[in-house]
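# Observations on chain architecture
Here's the letter readout for the chains.
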Amino acid sequence: MRKIALYGKGGIGKSTVSSNVSAALSNMGIKVMQVGCDPKRDSIATLCGGLLKPTILDETRDRGVSEEVILSCVHQGYNGILGVESGGPKPGVGCGGRGVLVALQMLEKYNIFDRHGIEWATFDVLGDVVCGGFAQPMRAGYAKEVYIVTCGEILTLHQITNIARAVRTLAEQGIETGVAGLIDNQRGVPHEREIVEEVAELMGVPVIHHIPRSRTVQDSELKGQTVIQAFPASPQADEYRALANKIRNNTETFIPNIVTLKEIKPIVAKYGGGFASPKNGSQAAS
Ligand code: ADP
Ligand code: MG
């Protein structure tokens, strides 16, 4: 079974990218499961028909841990895709990252992947806090092939260097993990492509794809679907299919270099400071 993990800060587009890549892979005939590892628990919303699905941590807290309970957290979605949400600890109690790992271990314990004939699992992981907790899925071997979702904004670029640092630290401790590439989910920053490419070069990792900002994403969300399902003939769907193909064909991962904010600043400054003018904002829907 192929396992990939998408990391990035909240709101950057991890779930949108994960869900569209999962949908595109599924259309290639692959049996896919998407696992949301974010206490926000909205990873599979556009794949599996809505928000607030029962999640592993909530259900096992209420009903105890059993095969029946875990199976009730596996949701059927678009084109036979299966979706699971780890959920999170009770707000204010416990560690989100630790909770995510417990949920992942329950999937293993009850053989959920084999039982459903899963060939591909996409883990959609919150990476805001790169504390020991959120590194736990990496440490436990769920993130041997990491894709980091970013955009060309300076604070986002700074934040991804922390994810890269976590990967490097764990790799140095002998954990099998590496960054396969950055996914540039564009915000409309001028020269965004160049900025992200230059930062990636410093990090020593490739940019696997630049995804344009597009209203088609919101139009699909309004229908409660992925772009792949809602607007399969749109240019945006082509972007996600191209990305899915690149990920599918990827065989390499890299141990990223440490990059500092001091190194990122001149790159962003060179291209005008990273300010989006209204003209460079959202592209029209296709
Ligand atoms: P995350 O999972 O990282 O928290 P989401 O995937 O939920 O982020 O994305 C946050 C919001 O950004 C979504 O509601 C979505 O509408 C929007 N979004 C993501 N990618 C794009 C894009 N390429 N174009 C337009 N909007 C996008
Ligand atoms: Mg998300």
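Given the structure is predicted, the values throughout are model-derived calculations rather than measurements.

To continue, consider the overall build of the protein chain. Within the protein chain, the regular secondary structure consists of 12 helices and eight strands. Relative to its length of 286 residues, the protein chain is compact, with a C-alpha radius of gyration of 18 Å against a globular reference of 19 Å. Along the longest, intermediate and shortest principal axes, the C-alpha atoms of the protein chain span 55 × 45 × 40 Å. For the protein chain, the proportion of its 286 residues judged to be buried stands at 53%. Summed over all atoms, the accessible surface of the protein chain reaches about 12000 Å², with 50% contributed by carbon and sulfur. Between the averaged position of the 30 positive side-chain charges in the protein chain and that of its 29 negative side-chain charges there is a distance of 2 Å.

On the secondary structure map, His191 appears in the loop between strand S7 (179–185) and helix H8 (192–203). On the basis of relative accessibility, which here comes to 44%, the residue His191 falls in the partly exposed class. Remark: the alpha-carbon pair of His191 and Lys270, spanning 79 residues in sequence, is separated by 9.8 Å.

Now for helix H9 (residues 215–222). Taken together, the buried positions of H9 are Thr216, Val217, Asp219 and Ser220. Buried positions in H9, seen along its axis, are confined to an arc of 165° and lie on one side of it. Close packing links the buried residues of H9 with helix H1 (14–27), helix H10 (227–230) and helix H11 (235–249). Taken from the residues just after H9, Gly224 is the one with a positive phi, measuring 70°.

Attention now goes to the site of ligand 1. Neighbouring ligand 1 are 18 residues, the closest being Gly11, Lys14, Thr16, Lys40 and Gln218. Contact distances for ligand 1 include 2.9 Å between an oxygen atom and a side-chain N or O atom of Ser15. Taking Gln218, its side chain carries an N or O atom lying 2.7 Å from an oxygen atom of ligand 1. Isolated, ligand 1 exposes 560 Å² of accessible area, and the fraction of that covered by the protein chains is 87%. Only H1, H9 and H11 provide two or more residues apiece to the shell around ligand 1. Taken together, the residues of the shell around ligand 1 sort by class into four nonpolar, nine polar and five charged.

For the rest of this paragraph, the subject is the nonpolar core. If you look at the biggest cluster of nonpolar residues, it comprises 52 residues, and the most contacted ones within it are Met33, Leu107 and Phe123. Those residues in contact with Leu107 that sit more than four places away from it in its chain are Val35, Ile56, Ile70, Val84, Ile112 and Phe113. Grouped together as the second largest cluster of nonpolar side chains are 31 residues, Val17, Leu47, Tyr147 and Val149 included.

The strand order across the open sheet built from eight strands is S3-S4-S2-S5-S1-S6-S7-S8, with neighbouring strands paired in mixed fashion. Strands at the two margins of the open sheet, each flanked by one partner only, are strand S3 (75–76) and strand S8 (207–211). Where strand S6 (residues 146–150) lies against S7, five bridges are found, and the strand directions are parallel. Within the sheet, the bridge partner assigned to Ile148 lies in S7 and is Leu182. H11 contacts strand S1 (2–8), strand S5 (120–126), S6, S7 and S8 of the sheet and is inclined by roughly 170° relative to S8.

Cut-offs applied
- Residues numbered from 1 in each chain as written.
- Chains lettered and ligands numbered in written order.
- Predicted model: local features only at pLDDT ≥ 70, side-chain atom pairs only at ≥ 80, totals over all residues.
- Heavy atoms only, no water.
- Helix = DSSP H or I, 4+ residues; strand = E, 2+ residues; numbered from the N terminus.
- Rg over C-alpha atoms; globule rule 2.2 N^0.38 Å.
- Buried < 20%, exposed > 50% of the residue type's maximum accessible area, 1.4 Å probe, protein only.
- Areas by Shrake-Rupley, 256 points an atom, 1.4 Å probe, with all protein chains shown as cover.
- Lys, Arg positive; Asp, Glu negative; His and termini not counted.
- Charge placed at Lys NZ, Arg CZ, Asp CG, Glu CD.
- Arc of directions from axis to C-beta.
- Contact = heavy atoms within 4.5 Å.
- Near = heavy atom within 4 Å.
- Polar contact = N/O pair within 3.5 Å; in protein donor to acceptor, adjacent residues only side chain to side chain.
- Nonpolar A, V, L, I, M, F, W, Y, C, P; charged D, E, K, R; others polar.
- Core = buried A, V, L, I, M, F, W, Y, C linked by side-chain atoms within 4.5 Å.
- Pairing = 2+ DSSP bridges.
- Axes fitted to C-alpha atoms, helices over the stretch in contact; angles between N-to-C directions.

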